[in-house]
Amino acid sequence: MKNPYSKITGSESVITFVTVDKLPSQRKKMPSVLWPSIRAMQKVLIDEVGFFKGTSIFLKAITWGNLFNKPQWHPEYFEFKSREEENHFKGVFKEMTPMIIVFRTLKKNYGESFASDVTGKMGIPISVPYQLEIFKPGTRIAKIDEIRQLVSDLLGDGKGHEWTEEVSEDQQQVRYHFTKCVFIMILRAYGLTTFAANVCLADHVVMDNMVPDVIFSRKHTLGGGDRFCDHTIKIRRSEDPETEVSWYEDCYKVQSGRESVKKWEERFIKNGKKFKL
């Protein structure tokens, strides 16, 4: 059932948003693209600390470090609604273990500031491949429900996320309000705050390059330490500008965030809309 939620007042019109039911995902789980993400981790490590040290840290994270120096699971860091939710969090934690090991190894060897900087550079290239399983080059969008369906497919069964959706009455915009993301919550709880912030910025890279028919904008992210994410996706009109600073307000809250997004967008263009490190 739709209920009036909010209004945006402009100089020419008033846009009314109504809450809507989520569209069922056509996928049972979120995409899994382990190798491209692992490759991104390895590439950044080698670029930042050299081939031998970078390779050593990388191998430790995915092999013996994962067996003999594994980070402990701390359920007390979170509040669970059920045993099922706790089990889901624990499963995601296991997936994140190599990243946590990399951060802790860099922190031990080079200090926390350096560890945060290096892992921050991994955020976008590690996150983008997951989204490219759903958002293909040149994805065409004519109706707002088409982009809503793709977002639902990206989230899979939705476990570990809590959000609401609002669609404008003219069917030209959708707004998302995320209050929970298990991946980001685990990253931040284990100290990977810079990495978490940059993971969220990958949304801009993907939307700007893969979905030319829409405008993606955001002011807040859970990864950046805000209490919520406020994605807005709008069908692009012929009179809309090519870009606006206001679409990237969340990027400016992250050190070099806007520059990182531009860097990866330029790589996409250079490589013919293909993901290459």
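Heads up: the structure comes first, above all this text.
Just so it is clear, the model here is predicted, and its values are computed rather than measured. Within any chain, residue numbers begin from 1 and follow the written order of that chain's sequence. Restriction of local features to residues with pLDDT of at least 70 applies here, the model being predicted, together with a cutoff of 80 or more for giving and counting side-chain atom pairs; totals for whole chains, interfaces and linings are based on all residues. Water and hydrogen atoms were dropped before computing side-chain values, which therefore reflect all heavy atoms in the structure.

Draft legend 1. Local environment of the packing of helix α5 (residues 112-120) against helix α9 (residues 193-210). All axes here are fitted lines through C-alpha atoms, helices being fitted over the stretch that makes contact, and every angle between N-to-C directions spans 0 to 180 degrees. Here a strand is any run of E in DSSP of at least two residues, a helix any run of H or I of at least four, and the numbering for each starts at the N terminus. Closest axis-to-axis distance for the α5/α9 pair is 7 Å, and the angle between their directions is 20°. Judged by the inter-axis angle, α5 sits roughly parallel to α9. For α5 against α9, the interelement crossing comes out right-handed. Contact residues: α5 offers Ser116, Thr119 and Gly120, while α9 offers Thr194, Phe195 and Asn198. Any angle that is under 35 degrees is reported as roughly parallel, and any over 145 degrees as roughly antiparallel; angles of 65 to 115 degrees are reported as roughly perpendicular and all others as oblique. By convention the crossing between two helices is left-handed if the near helix lies anticlockwise of the far one by an angle smaller than a right angle, and right-handed if it lies clockwise. When checking whether two residues touch, look at their non-hydrogen atoms; a contact exists if any pair is within 4.5 Å.

Draft legend 2. View of empty space enclosed by the protein. Lining residues are defined by having an atom within 4 Å of a point belonging to a cavity or pocket. Those points lie on a 1 Å grid over the protein atoms alone, cavities being sets where a 1.4 Å probe fits but cannot get out and pockets being open sets with protein on both sides within 12 Å along at least five of seven lines. Grid points are joined across faces, edges and corners, and a volume is the space filled by probe spheres set on the points. Overall, the coordinates contain one cavity of 30 Å³ or more when judged by the stated rule. Its volume calculated, the largest cavity comes out at about 30 Å³. In this structure, the largest cavity is lined by Lys219, His220, Thr221, Gly224, Asp226, Asp250, Lys253 and Val254. Amino acid classes used here: Ala, Val, Leu, Ile, Met, Phe, Trp, Tyr, Cys and Pro are nonpolar; Asp, Glu, Lys and Arg are charged; the rest, including Gly, are polar. Of the residues assigned to the lining of the largest cavity, the class counts are one nonpolar, three polar and four charged.

Draft legend 3. Region of interest: α9. Helices are assigned an expected span. That span is 1.5 Å times one less than the residue count. Its 18 residues give α9 an end-to-end C-alpha distance of 27 Å, which sits within 8% of 26 Å, the value for a rise of 1.5 Å per residue. Burial classes follow relative accessibility: with a 1.4 Å probe on protein chains only, a residue under 20% of its type's maximum area counts as buried, one over 50% as exposed, and anything between as partly exposed. Counting buried positions along α9 gives 15 out of 18 residues, so the element sits mostly inside the fold.

Draft legend 4. Focus on the layout of surface pockets. Space inside the largest pocket adds up to approximately 1200 Å³. Surrounding the largest pocket, 44 residues form its lining, Met30, Pro31, Tyr130, His161 and Phe183 being those nearest its centre. Within the residue set of the lining of the largest pocket, elements represented by two or more residues are α1 (34-49), α4 (83-110), α6 (123-132), α7 (144-155), β4 (173-181), α8 (182-189) and α9. By residue number, the principal contributor to the lining of the largest pocket is α4, which donates seven residues. Across the lining of the largest pocket, the residue classes break down as 30 nonpolar, eight polar and six charged.

Draft legend 5. View of the nonpolar core. In terms of nonpolar packing, the biggest core is built from 77 residues, with Met122, Phe135 and Ile147 touching the most fellow members. Looking at this core element by element, the count peaks at 11 residues for α9. Residues in contact with Phe135, not counting those within four places in the same chain, are Ile147, Leu150, Val151, Leu154, Val206, Met207, Met210 and Val211. Residues belong to a common nonpolar core when they are buried Ala, Val, Leu, Ile, Met, Phe, Trp, Tyr or Cys residues joined through side-chain atoms within 4.5 Å.

Shape is all these values report; function is a separate question.
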